[in-house]
Amino acid sequence: MSELVAARRARLAALRERGVDPFTATRYDVTAHAADLAAKYADLGEQGRAESETWSLAGRIMAVRGQGGVIFFDLHDRTGRFQLFVRKNDAGEDAFAIAKQIERGDIVGATGFVFRTKAGDLSLYVQSFEVIGKSLQPLPDKWHGLQDKEKRYRRRYVDLTVNPHVRDVMILRSKIISEMRRFIDAQGFFEVETPVLLSIAGGASARPFLTHSNALDIPLKLRIATELYLKRLIVGGMERVYEIGRTFRNEGIDQTHNPEFTMLELYAAFWDVEDMMRFNEELMAHLARTVHGSETFLHGEEVISFATPFRRIGYLEAFKEYGGLEREQLLDPDSALRLLRDYGIPESPTHAHALDKLFERIVEPHLLQPTFVYGYPVVLSPLAKRMKDDPELTQRYELFAAHMELSNAFTELNDPDDQRKRFELQIAERAAGDDEIPPPDWDFVTALEYGMPPTAGIGIGVDRLVMMLTNNASIRDVLLFPLQRPLPENARDEDEEPAPTA
RNA sequence: GCGCCUGUAGCUCAGUCGGUAGAGCAGCGGACUUUUAAUCCGUUGGUCGUGGGUUCGAGUCCCACCGGGCGCACCA
């Protein structure tokens, strides 16, 4: 045990000797928070004392400044910081001796009245206090906080304690998601939950995580999208459904990818992709206003404007504008594969893959302000309805901003025969080496055979949207617990080595 | 998976040419009855990520491995 932990345990023992056990405390009757008191007494005059009203605060002690017969504490609660003032002459010998044992990190509840100190700081003149939790681990530096990224992610509880900015981002995330729900619910959507454990993980192209059911003795996969199940609900007549849920893709980890991430998928019967565009831009503008009070905000060095309407550009038109490429060069598979060589991009196993790579290289760098790119080729869009006047393209768009894909939406394919054909085409692509393409979900085709109304659907990467709105460059900084490789002492699989029981 | 960077006290960081490990904060002891990065005096604390190698001698040089970050590849 480290010396610092030993010192803290000694303080715990000292408290217990004085009849105070921080770990037996259960509840504390909190009547005020730091920010509330700061606002309420903002006008309190120089050295003023509001003795007629008493308040109870609780939180973690983040700084201790002892000065002989008085002690100042910085108490942090979820709203911010408030200073506590304890004076020996008022508290009495016994209570003051207990107060002297309180150290940085301890959890304290305090009751008293608000006054302004000589230095002008609002403080709580403590009339009584309780030590209701004890920190046995030393906290990081009070000035520099915790900088080490690895420790910040592995011990997020410490990061949250000492780096207030992290908590602010996570609170904003929470706010963004609840606003999202409010906005959607107001339009009559039902929030639903579809399975995470599946035999066929479809609805997107990605390698799934594999697991196993003991009860059924079958292999299972974690979902890579919620799409096919939400559309089954549209078939079932629910008309407007959405799910905000965790999705799992067994692929690379980098600044915009975590193996588990949160996606909003939403489906509306009787809408088409145009309706969805309007819904999408209104939602984005609403969230920007909620977070920033404005539709314009800073992302990195760039000013982004979520003011509606967003720019719209055709998929083929974008290639023409930014790369001078013609329709035939892209839609002909052999020609698209040749283009890869022209741009020095590694070979692709499929036409679809090649188009994605080309788009990423030629068009994406130009998409700073929010832009709907619509009319994706059907080879890229196995679940989208074709355009009426141009069956090689689909009624599908993706929304980009700050060079990131923020959403993907289309008028849903509801022709079961066409869907079957596209699945069959995917079988061929899978065989050709694109192992991210899932095997077909034939029951989904059966569902379409029962009849699905014309429907539009959308998927929004919630983490990326939060990154955008909170000006974070890394997905890890908007996730509370981003995936980290376990440390060696935790890496052992419990199933392999059952711990001996006493 | 590949490349670059990185790992030194609880935290934030120094550590020169290879010569036997340092600061600030935290901690500990003391002073101080309005401080707020409190101050002042004194002081403890280190398998230098792990394992090898080179060397009279390695935090420092070399190799391998383990974390982490960034870039590339893959993907949303």
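See above for the structure.
Residues numbered from 1 in each chain as written. Chains lettered and ligands numbered in written order. Predicted model: local features only at pLDDT ≥ 70, side-chain atom pairs only at ≥ 80, totals over all residues. Heavy atoms only, no water.

**Thoughts on the side chain of Asp159**
Alright, step 1. Following the sequence through the fold, Asp159 ends up in helix α6 (residues 156–162).
Alright, step 2. A polar contact is formed between the side chain of Asp159 and the side chain of Asn163, at a distance of 2.6 Å.
Alright, step 3. Setting aside its immediate chain neighbours within four residues, Asp159 contacts Leu146, Arg152 and Val166. (Helix = DSSP H or I, 4+ residues; strand = E, 2+ residues; numbered from the N terminus. Polar contact = N/O pair within 3.5 Å; in protein donor to acceptor, adjacent residues only side chain to side chain. Contact = heavy atoms within 4.5 Å.)

**What to know about the sheet that holds strand β2 (residues 70–77)**
Sheet strands associate in pairs through backbone hydrogen bonding, adopting either a parallel or an antiparallel arrangement.
Alright, step 1. Pairing is mixed in the closed barrel, where 5 strands are placed in the order β1-β2-β3-β5-β4. Adjacent strand axes in the sheet meet at a mean angle of 55 degrees, parallel and antiparallel pairs treated alike. (Pairing = 2+ DSSP bridges. Axes fitted to C-alpha atoms, helices over the stretch in contact; angles between N-to-C directions.)

**Some words on the packing of aromatic side chains**
Alright, step 1. This structure, assessed with the given rule, holds 20 aromatic pairs.
Alright, step 2. When the ring of Tyr315 is compared with that of Phe359, the centres are 5.5 Å apart and the planes differ by 0 degrees; the resulting orientation is stacked. Note that Tyr315 is positioned in helix α10 (residues 315–323) and Phe359 in helix α13 (residues 351–362), a separation of 44 residues in sequence. Accessibility classification places Tyr315 together with Phe359 in one group, the buried group.
Alright, step 3. Pairing Tyr315 with Tyr376 gives two aromatic rings, centres 4.6 Å apart and planes at 45 degrees, and the pair type is tilted. With a gap of 61 residues between them, Tyr315 in helix α10 and Tyr376 in the loop between β15 (371–374) and β16 (386–387) connect regions that are remote in the sequence.
Alright, step 4. Overall, Tyr315 belongs to the buried group, its relative accessible area being 1%. (Phe/Tyr/Trp six-rings, centres within 6.5 Å; stacked < 30°, edge-to-face > 60°. Buried < 20%, exposed > 50% of the residue type's maximum accessible area, 1.4 Å probe, protein only.)

**A word on α10**
Alright, step 1. Tyr315, Leu316, Ala318 and Phe319 are the residues of α10 that are buried. The buried residues of α10 occupy an angular sector of 155 degrees when projected down its axis, which confines them to one face.
Alright, step 2. Next to the buried residues of α10 lie β14 (311–314), α11 (327–331), α13, β15 and β17 (390–394).
Alright, step 3. Note on α10: the residue one or two positions beyond its end, Gly324, has a positive phi of about 65 degrees. (Arc of directions from axis to C-beta.)

**Quick notes on the packing of helix α7 (residues 164–185) against helix α16 (residues 462–470)**
Alright, step 1. Contact geometry of α7 with α16 gives a least axis separation of 10 Å together with a crossing angle of 120 degrees. As far as their axial angle goes, α16 and α7 are oblique. The handedness of the crossing between α7 and α16 is right-handed. Judged by residue contacts, Val169, Leu172, Arg173, Ile176, Ile177 and Met180 of α7 engage Val462, Asp463, Leu465, Val466, Leu469 and Thr470 from α16.
Alright, step 2. Its residues assigned to classes, the contact of α7 with α16 comprises 9 nonpolar, 1 polar and 2 charged. (Parallel < 35°, antiparallel > 145°, perpendicular 65-115°, else oblique. Left-handed = near helix turned anticlockwise from the far one by under 90°. Nonpolar A, V, L, I, M, F, W, Y, C, P; charged D, E, K, R; others polar.)

**Details of the sheet that holds strand β10 (residues 240–248)**
Alright, step 1. Here we have 8 strands laid out as an open sheet, ordered β6-β10-β11-β20-β19-β18-β15-β14, and mixed in their pairing. This sheet does not close on itself; its edge strands, each paired only once, are β6 (190–191) and β14.
Alright, step 2. Against the sheet, α7 contacts β6, β10 and β11 (260–269), and its axis sits at roughly 155 degrees relative to β10.
Alright, step 3. Those strands touched by α10 are β14 and β15, and its axis lies near 90 degrees from that of β14.

**What about the protein's contact with RNA strand B?**
Alright, step 1. The local shell around RNA strand B holds 55 residues, among which Asn89, Lys142, Glu150, His257 and Arg464 are the closest.
Alright, step 2. Of all RNA strand B atoms lying within 4 Å of any protein atom, the proportion belonging to sugar or phosphate reaches 60%.
Alright, step 3. One nitrogen or oxygen atom from the main chain of Gln147 is found 2.9 Å from a phosphate oxygen belonging to RNA strand B.
Alright, step 4. Between RNA strand B and Glu251 there is a distance of 2.8 Å, counted from a sugar or linking oxygen to a side-chain nitrogen or oxygen.
Alright, step 5. Of all elements in the fold, only α1 (3–17), β1 (49–67), β2, β3 (80–87), α5 (149–154) and α13 reach the threshold of two or more residues within the surface near RNA strand B.
Alright, step 6. For the surface near RNA strand B, the element with the most residues is α5, which contributes 5 residues. (Near = heavy atom within 4 Å.)

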